[in-house]
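The lines below spell out each chain.
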Amino acid sequence: MSTEPENNPSGGATELPFQAEVQQILALVINSLYANQEVFLRELISNASDALDKARYLALTRKDITEQAGEPKIEIKLDDDARTLTITDNGIGMTRDEVIHNLGTIAKSGTMEFLKSHADAMKKDPQNSANLIGQFGVGFYAAFMVASRVDVSTKSMLPGAEAVLWRSSGSGTFTVLPGDKETPGTVITLHLKDDAREYTKAYRAKDIVRKYSDFVHFPIFVNDEQANRSRAIWALPKSQVTDEDHADFFHHVTEGMDGEKPLMTIHNSVDAPVQYHALLYVPEKAPFDLFHKERRGLRLYAKRVLIIEDTDKLTPPWLRFLRGVVDSEDLSLNVSREMLQENRTLKTIEQQIVKQTLKVLKDTAENEPEKYTKFWGEFGRVLKEGTTMEYRHKDAIAELCRFESMKTEAGKLISLKQYVEAMPEGQKDIYYVTGPGRKGVEHSPHLEAFKKRGYDVLFMIDPIDEWFVRSVTEFEKKTLRSVAHGDIDLGAEPDAPKEEMVASAVVAVKGALGDKVKDVRLSKRLTDSASCLVSDQGDPGANMERILRMVDQESTERKRILELNPTHPIIKNLAALAAKEPDSERVKTWSQLLFDQALLAEGVVEDPATLVRRIQDLLTQVSSAAV
Ligand code: ADP
Ligand code: MG
């Protein structure tokens, strides 16, 4: 074209205004600074891919379509000297009327609502509005983010259609004139702005293609070289996807960050209630940022086009170790403008993913215990969080949890189910002890009576376990009970001494300790140790207090109950001594030592120097009696 069409009305050029809404969009697109500019290419590729889909459909459904479009493909040509980017497809093309309608108005209903509801936010925060727009996608008009002029040369596949040329600088009007395209399809030429020159670089264009459109199911060429792999393996039947494909794709979606191979693969295609393909992986290794709650790694595609790279709308936080792709035919490319939170389709997909993942984990736990153990080692703590967040699946998640126990070797794990199955006759509840580690709990005096009866005790030695036991209070109708809380009554021992014989010890210790303890009582859980500290039912417990103190130094500690072992010689002797000389210094020292040693057994001594002095005094007495 030697002359501008505006100056050449006799050449068949028509200048038309954009629809008012389009002008608004264009103003936003052109005037803001876009952080996410590169999505323009995603939009154009997706339109080209749609056009190829439609062409295929038309060729299949209409006998009068004879034009040969050739092998479907998308070609991107870059010209650094002319500063142009051209994208060509041999798809359905557009008639003159279609061009005017499709590239001059917005048919999509949600677009305006989105713009209106975000107009204020966009004015206040232009940088953020850029992200918003970039993410929600403005379709074809995104081309004006990077181009000062766009030419569309197109010819429809429909019989008798004439070639058309559409061009615009995005400012208010566009021009339509007769075109010269001979074969059906569309060629879009972007005359890039000064600051968008980077898009004439092949590596840059290829990167964007790979990032957003790698699995578009038509080949995409950048300067004659294919840049995408064009195979949506998630949409293939399971049997057609090899382990190597999975390894490749896993590498692609994780960018090589999460180990070499997937540990588990969850591949599903669902048609109802919502159509989607999901190809999800559990990595072999936990990534370094697993405990950043906001980290989630599913890619959301709509009709094979990437919508969001890392979405948190498809998995709950406790499944954030999943990596992979969800692709739905029931989502529009502009899904994000509907505000993902409220999107029903996504909610439904999320629920399905949760169910499928729990099922795969359950199957793996049953059929491939070693693999499951590996999984548990990497991601168990994350999964466990689910019990505190997800009421609906709490029991299913609890069943997947694994713990060490008094009867397991260090590092070996059992499930709640295994625990219950191994319960001896007469045991009604599930018992656990919480603490900072196996060493800290395995010799705890709280376990003595359980050991004696052959009851196992679960070791809840992960900080999250304190929260686990608060939400999972029951499993298979059996109550989970802390061995260090409340009254534990395993039934009377046949050789238990009469309580009144040692009752005076309780009175004496209570008097000596004053308000250091909440109460003093005789214990039903001790067999070997003389004393231990327990928390009142409903109180947080020592381990929980320790965790809370790590977070909040000021957090105050709840007083605990000192339990005395009525069968222990020290307690018996103390009772006898207290009967004789209730207020003596010796009764006070012994009481204090019973308290100290209970703390010491938990690994805590508030005042070691005083404790040492008390022990020395006692040893002095004992040793002088011995010589
Ligand atoms: P959407 O793709 O969501 O419909 P766009 O703004 O991306 O919205 O595109 C508007 C319309 O322009 C498309 O629906 C399509 O009819 C038409 N269109 C755009 N690009 C092409 C193309 N390469 N070939 C044929 N038609 C196209
Ligand atoms: Mg589009």
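Residues numbered from 1 in each chain as written. Chains lettered and ligands numbered in written order. Predicted model: local features only at pLDDT ≥ 70, side-chain atom pairs only at ≥ 80, totals over all residues. Heavy atoms only, no water.

Side note on the overall build of the protein
Step number 1: Scanning the protein for helices and strands turns up 20 helices and 23 strands.
Step number 2: Counting only residues that meet the buried cut, the protein has 51% of its 627 residues in that class.
Step number 3: Restricting to contacts in the protein with at least 6 residues of sequence separation, those with at least 24 account for 72%.
Step number 4: Surface summary for the protein: the accessible area is close to 30,000 Å², and the carbon and sulfur share equals 50%. (Helix = DSSP H or I, 4+ residues; strand = E, 2+ residues; numbered from the N terminus. Buried < 20%, exposed > 50% of the residue type's maximum accessible area, 1.4 Å probe, protein only. Contact = heavy atoms within 4.5 Å. Areas by Shrake-Rupley, 256 points an atom, 1.4 Å probe, with all protein chains shown as cover.)

Here we look at the nonpolar core
Step number 1: Counting residues in each nonpolar core, the largest one holds 67 residues, and the members touching the most others are Phe321, Val326, Phe375, Leu383 and Phe468.
Step number 2: Take this core: its biggest share by element is seven residues, from helix 9 (residues 344–367).
Step number 3: Per-domain counts for this core show at least three residues from each of domain 2 (233–367) and domain 3 (401–482).
Step number 4: The next biggest cluster of nonpolar side chains, apart from the first, holds 62 residues, and it includes Ile76, Val150, Val216 and Ile233. (Core = buried A, V, L, I, M, F, W, Y, C linked by side-chain atoms within 4.5 Å. Domains from an automatic or database assignment.)

Some remarks on the pattern of salt bridges
Step number 1: Here the structure, examined in full by the defined rule, presents 38 salt bridges.
Step number 2: Taking the shortest distance from any N to any O, the salt bridge between Arg381 and Asp462 comes out at 3.4 Å. In this pair, Arg381 is assigned in helix 10 (residues 369–389) and Asp462 in the loop between strand 18 (458–460) and helix 15 (465–471), connecting sequence segments 81 residues apart.
Step number 3: A relative accessible area of 13% places Asp462 in the buried class.
Step number 4: Residues Asp462 and Lys384 are paired through a salt bridge, measuring 3.4 Å at the closest nitrogen-oxygen approach. (Salt bridge = Lys/Arg side-chain N within 4 Å of Asp/Glu carboxyl O.)

Re the packing of helix 18 (residues 569–580) against helix 19 (residues 585–601)
Step number 1: Two elements in contact, helix 18 and helix 19, have axes whose closest approach is 10 Å; the angle formed by their N-to-C orientations is 155°. As judged from the angle between their axes, helix 18 and helix 19 are roughly antiparallel. Here helix 18 and helix 19 pass one another in a crossing that is left-handed. Along its contact with helix 18, which presents Ile570, Ile571, Asn573, Leu574, Leu577 and Ala578, the element helix 19 presents Arg586, Val587, Trp590 and Leu594.
Step number 2: Taken together, the residues of the contact of helix 18 with helix 19 break down into eight nonpolar, one polar and one charged. (Axes fitted to C-alpha atoms, helices over the stretch in contact; angles between N-to-C directions. Parallel < 35°, antiparallel > 145°, perpendicular 65-115°, else oblique. Left-handed = near helix turned anticlockwise from the far one by under 90°. Nonpolar A, V, L, I, M, F, W, Y, C, P; charged D, E, K, R; others polar.)

Section: the layout of surface pockets
Step number 1: Put simply, the second largest pocket is a space of about 700 Å³.
Step number 2: In this structure, the second largest pocket is lined by 38 residues; those nearest its centre are Thr434, Ala484, Gly541, Ala542 and Asn543.
Step number 3: Among the elements of the structure, strand 17 (430–434), helix 13 (438–442), helix 15, strand 20 (478–482), helix 17 (542–551) and helix 19 are those that each provide at least two residues to the lining of the second largest pocket.
Step number 4: The residue makeup of the lining of the second largest pocket, split by class, is 15 nonpolar, 12 polar and 11 charged.
Step number 5: There are two domains that each give the lining of the second largest pocket at least three residues, and those are domain 3 (401–482) and domain 4 (499–626). (1 Å grid on protein atoms, 1.4 Å probe; cavity = no way out; pocket = protein on both sides within 12 Å on 5 of 7 lines; lining within 4 Å. Points joined across faces, edges and corners; volume = space filled by probe spheres on them.)

Regarding the packing of helix 9 against helix 10
Step number 1: Remark: helix 9 packs on helix 10, axes separated minimally by 8 Å, with the N-to-C direction vectors making an angle of 135°. Between helix 9 and helix 10, the crossing angle belongs to the class labelled oblique. Like other packed secondary-structure pairs, helix 9 and helix 10 cross with a definite hand, here left-handed. Of the residues in helix 10, those in contact with Leu361, Thr364, Ala365, Glu366 and Asn367 of helix 9 are Pro369, Lys371, Tyr372, Phe375 and Leu383.
Step number 2: Taken together, the residues that form the contact of helix 9 with helix 10 break down as six nonpolar, two polar and two charged.

Here's the deal with the packing of aromatic side chains
Step number 1: Scanning the model with the defined rule gives 19 aromatic pairs in all.
Step number 2: Their ring planes at 15° and their centres at 6.3 Å tell us that Tyr431 and Tyr455 sit as a pair that is stacked. Here Tyr431 is found in strand 17, whereas its partner Tyr455 is found in the loop between helix 14 (448–453) and strand 18, with 24 residues between them in sequence. You'll find Tyr431 and Tyr455 in the same group, each marked buried.
Step number 3: Clustering of aromatic rings is evident, with ring pairs tying together Phe18, Phe140, Tyr141, Trp166 and Phe174. (Phe/Tyr/Trp six-rings, centres within 6.5 Å; stacked < 30°, edge-to-face > 60°.)

Here we look at helix 17
Step number 1: Among all positions in helix 17, only Asn543, Met544, Glu545 and Ile547 are buried.
Step number 2: Next to the buried residues of helix 17 lie strand 17 and helix 15.

A closer look at the environment of His251
Step number 1: Tracing the chain through its elements places His251 in helix 8 (residues 243–254).
Step number 2: The class of His251 is partly exposed, set by a relative accessible area of 40%.

What to know about the sheet that holds strand 18
Step number 1: Strand order in the open sheet formed by six strands is 16-15-18-17-20-19, and the pairing between neighbours is mixed. Each of the sheet's edge strands pairs with one partner strand only, and the pair in question is strand 16 (414–415) and strand 19 (474–475).
Step number 2: Pairing of strand 15 (residues 402–405) with strand 18, which is carried by two bridges, proceeds in the antiparallel orientation. When the bridges of strand 18 are listed, Glu404 appears paired with Phe459. (Pairing = 2+ DSSP bridges.)

So, the sheet that holds strand 8 (residues 220–222)
Step number 1: Within the open sheet, the nine strands sit side by side as 1-6-5-4-7-3-2-8-9. Their pairing is mixed. Looking at which strands have only one partner, the edges of the open sheet turn out to be strand 1 (14–17) and strand 9 (225–226).
Step number 2: Note that strand 8 and strand 9 share two bridges and pair antiparallel. Within strand 9, the residue paired with Phe221 across the bridge is Gln226.

Brief notes about the confidence of the model for the protein
Step number 1: Considering every residue of the protein, the mean pLDDT works out to 86; 87% of them sit at 70 or more.
Step number 2: Taken together, the stretch residues 1–10 has pLDDT below 50 and engages in 12 contacts with residues farther than four places along the chain or on a different chain. (pLDDT = per-residue confidence, 0-100.)

Topic: helix 7 (residues 202–213)
Step number 1: Under the 1.5 Å per step criterion, the end-to-end length of helix 7 is 15 Å for 12 residues, consistent within 8% with the ideal 16 Å.
Step number 2: Among the residues of helix 7, those classed as buried are Arg204, Ala205, Lys206, Ile208, Val209, Tyr212 and Ser213.
Step number 3: Looking at the buried residues of helix 7, the elements they touch are helix 2 (39–61), strand 2 (74–79), strand 8, strand 9, strand 12 (297–302) and strand 13 (305–311). (Expected span 1.5 Å × (residues − 1).)

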